Each structure stands twice: as C-alpha cells, then as structure tokens.
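The chain contents come next:
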Amino acid sequence: LVIVNTILLNMQCEKLLLENNLYNNTTVGTIQAYYKKQFLQDELFDLLIGDESHHLFAPQFFKLLENNNFSDILFLTAVLKRDDNRHLLAEKYGFKIIDNLTYEDGLREKLISPYSLANISIQLTEGESIKVDRLNNFIKEHYPKFHNDFNLVKQLARKDFIATELMRCFQKRKSVLNQACNKIQKVLDIISCEKFNKCLIYCEYINQADEIVNFLSKYGFIVKAYHSKIKNKNFILQEFKDNKFNILVAVKALDEGLDIKNVDLVIIASSTSQPRQNIQRMGRILRYQEGKVAKIYNLYAQHTKEEEWLHKKMRRVQLNVV
C-alpha cells in the first residue's frame, strides 16, 4: 500500500508503477481517502510506504498506524520535523532513520541536479513602506508583553485583544511584503534575461499570482496560474508537462511532490518563514536531469522582515538540508 497526500501525487505514483510493471500487486491512494473509508481495517497489506510522510503524524491520520498489521513500514520525506513536534512519535513507534542524504550525496548518486542561487532585493514603494512602518511600530510596542513568543501570541489570540491585533499585524505585514508591487517587474526582468526550458514562479497569495500572469502575458509570454481557484488544474499541469507553455505561476499547491525534471528556473517571488515549504520548493527544481544546472532566484524586500526570513532560509541551504 502506497499512501500519498494529494490526488496529483496519487496519479503520478500510479503512472510510475505502471511504467515499471509494479502496479498489479500495489495499491495507491490518498491518506484522506483511506482514513475516511477506514480502508486499512478491511484489507491486508504486507508493506506500507508513506510518501511526504510528515503528514502521517497528524493526529487524525496517525490512527492509521496505531492498529495495523503491516510487516514493514517505510516512510519517505524531505523534512520529518513538524511544528507540533509530533514527529517525535516516530521513535516511540519503532521508526528509525535508515538513510539521510546530504546535498553532496544527492549529486553523487544523480538524484538531484546542481544549482545556482541568487537573492535579488527590491525596494518597497512609499505607500508600502508607510504601511509596514505603522505595523512594525505596533508590533515593537506590544510584542515584548508576550516575551516575543509568537506561539504564545497565537495561543492567546482568541482571548486577548492585543494578541488578536498582533496576529493581524503579523499577517498584514507579511501580505504587504510578499506582494510588494516591484517584485512583478523584477520577475519580468529575470525571465527576459534567462534562457530556460521551464520556469516555476512561486507566490504566497492568489492575487499576486494572477497579477504576475496578467503582467507577463502583456509582454508576449505564454504563462498560466496554478492555485486553488483554478478549476482545471490537472489539465493545466499536463499542458505544462507537455511543453504547451513553459511558465507556471503557483501558490503553494505545487510545493510537494511534483516531478517535472526539465524545470530549470524557479523564481520565488514571496519568501516564507516555513522551513519545510522552502525545502519542498527547492525540491521541485532539483529533480535530476542529465546536464541540467538549475537556477533559483529569491526575491525579497530589502531591510524588512522578509530579508530576515531569507537569511534563515540561506543558513539551512548552507547546512545542506535540501
């Protein structure tokens, strides 16, 4: 039994099994589907393989593992650590890390391609700077009351007015920085100068993704969006794979599992403070292809919190957590 966390990965895995004549004795499904149907209580499997298996440690899904009859269980993930620390249950249930590949290991074994990385700064507009300064002033004044502990603020947000306002300020500041309007022009500059087979552009917000699509289209590029409000997502993704167009703008939905080997340019228009999301995004471009050297561009608003998030991300890259 192979458990994945999205329908897209389900289809991708079934195709791979068919190509390698392994489909007849293997069942593939999403964790959500099997949990709802309590499928594991009705069928017997010798081996369970969990892809993107950090999801399996969520409380609602971990029940699948508590009463099972598997002879062997194999979990695969780029980042096991979870914010809620439930990954620590792995040791309790007898799971052991049997392999931990570094970036150099991946290159040597031809699992990933080499890459170059550039961090490109942009300036906020005057209006954006005023908004960020106002939000920063409120955060600076009230955050110390909660010992600068974000988790404490989040925990008290529904009970305490100041905590609620702090959460609103954090979210609003992130929105302004992520969607800084000068990033759109910078995306155009990069695409106009680079030679590439396929390009993925990552955003944090749907509005920003749609704006980038519209802006690039005006300059003659064939580009489409991929996010939760797109009804024909699978069709668009297949067109991207089939080279019908070569620039795809995505919002989180393609962070995990997408296997398109000839993506050789990624532009991260919106930085994120989430380590797993950063690593998963890099994984989309590092898929091995003979002779490929991938290029990654990080866009960030200079002298802002977004620059701090970027520095944290770079430290993880330097530690080869890829």
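Residues numbered from 1 in each chain as written. Predicted model: local features only at pLDDT ≥ 70, side-chain atom pairs only at ≥ 80, totals over all residues. Heavy atoms only, no water.

Peer 1: A description of the pairing of strand β9 (residues 263-268) should follow, citing residues and the corresponding values.
Peer 2: Counting buried residues along β9, six of its six residues qualify, which places the element largely inside the surrounding structure. Sheet topology places strand β6 (residues 198-203) next to β9; five bridges connect them, and they run parallel. Within β9, the position partnered with isoleucine 201 by the bridge is isoleucine 267. Relative to strand β10 (residues 294-301), β9 runs parallel, the two being bridged by four bridges. Each bridged residue has a counterpart across the sheet, and for isoleucine 268 the counterpart in β10 is asparagine 298. (Buried < 20%, exposed > 50% of the residue type's maximum accessible area, 1.4 Å probe, protein only. Helix = DSSP H or I, 4+ residues; strand = E, 2+ residues; numbered from the N terminus. Pairing = 2+ DSSP bridges.)

Peer 1: Quick rundown of a nonpolar patch on the surface? Include the residues and the values.
Peer 2: Residues Leu47, Leu74, Leu76 and Ile98 make up a contiguous nonpolar surface patch of about 360 Å² in total accessible area. With respect to the element layout, leucine 74 can be found in strand β4 (residues 72-75). We classify leucine 74 as partly exposed; its relative accessible area is 33%. (Patch = residues over 30% accessible without salt bridge, like charges linked within 9 Å, V, L, I, M, F, W, Y side chains within 5 Å. Areas by Shrake-Rupley, 256 points an atom, 1.4 Å probe, with all protein chains shown as cover. Salt bridge = Lys/Arg side-chain N within 4 Å of Asp/Glu carboxyl O.)

Peer 1: Run through the pattern of salt bridges, naming residues and quoting values.
Peer 2: All chains considered together, the criterion is met by eight salt bridges. Across the pair lysine 224 and glutamate 239 runs a salt bridge, and its minimum N-O distance is 2.6 Å. Residue lysine 224 is found in strand β7 (residues 223-226), and its partner glutamate 239 is found in helix α11 (residues 233-241); the two are separated by 15 residues along the sequence. Look at lysine 224 and you get partly exposed, because its relative accessible area is 29%. Its relative accessible area of 14% is what places glutamate 239 among the buried residues. Note that lysine 305 and glutamate 308 form a salt bridge whose closest N and O atoms lie 3.1 Å from each other. With lysine 305 and glutamate 308 both in helix α13 (residues 305-318) and three residues apart, the pair spans about one turn of that helix. Given the relative accessible area of 29%, lysine 305 is considered partly exposed.

Peer 1: I'd like a rundown of the side chain of histidine 227, residues and numbers included.
Peer 2: Among the secondary structure elements, histidine 227 is positioned in the loop between β7 and α11. Ignoring any residue separated from it by four or fewer positions in sequence, one finds histidine 227 in contact with Ile206, Ala209, Asp210, Lys233 and Val251. (Contact = heavy atoms within 4.5 Å.)

Peer 1: Which residues make up the sheet that holds β4, and what values do they have?
Peer 2: Taken in spatial order, the four strands make up an open sheet running β2-β1-β3-β4, and their pairing is parallel. Each of the sheet's edge strands pairs with one partner strand only, and the pair in question is β2 (28-30) and β4. Neighbouring strand axes in the sheet, compared pairwise and without regard to direction, differ in orientation by 20 degrees on average. Sheet contacts for helix α1 (residues 7-19): β1 (2-4) and β2; angle to β2, the most-contacted strand, approximately 175 degrees. (Axes fitted to C-alpha atoms, helices over the stretch in contact; angles between N-to-C directions.)

Peer 1: Can you lay out the side chain of glutamate 128 for me, pointing to particular residues and giving the numbers?
Peer 2: Within the secondary structure layout, glutamate 128 lies in helix α6 (residues 126-142). Within the buried set, glutamate 128 has no salt-bridge partner at all; the shortest N-O distance to an opposite charge, 7.3 Å, is to lysine 131. (Lys, Arg positive; Asp, Glu negative; His and termini not counted.)

Peer 1: Summarise the confidence of the model for the chain; cite the residues concerned and give the values.
Peer 2: Mean pLDDT over the chain stands at 84; residues scoring 70 or higher make up 86%. When pLDDT is averaged over each element of the chain, α6 comes out on top at 97 and helix α12 (residues 275-285) at the bottom at 64. (pLDDT = per-residue confidence, 0-100.)

Peer 1: Provide a residue-level description of unusual backbone geometry, including the pertinent values.
Peer 2: Even without glycine at this site, asparagine 21 takes up a positive phi of about 55 degrees. In this structure, asparagine 21 sits in the loop between α1 and β2. Residue classification places asparagine 21 among the exposed residues on the basis of a relative accessible area of 73%. Positioned with a positive phi, histidine 147 is a non-glycine residue whose angle comes to about 60 degrees. Examined against the element boundaries, histidine 147 turns out to sit in the loop between α6 and α7 (150-156).

Peer 1: Which residues make up the nonpolar core, and what values do they have?
Peer 2: Counting residues in hydrophobic clusters, the biggest one holds 24 residues, and the most contacted among them are Ile191, Ile201, Ile212, Leu216 and Ile267. Sorting the residues of this core by element identifies α9 (182-193), β6, α10 (206-218), β7, β8 (247-251), β9 and β10 as the ones contributing at least two each. Ignoring any residue separated from it by four or fewer positions in sequence, one finds isoleucine 191 in contact with Phe196, Cys199, Ile201, Leu216, Phe221, Ile247 and Ile267. Core analysis: the second largest hydrophobic core is formed by 21 residues, Ile112, Leu200, Leu248 and Val266 among them. (Core = buried A, V, L, I, M, F, W, Y, C linked by side-chain atoms within 4.5 Å.)

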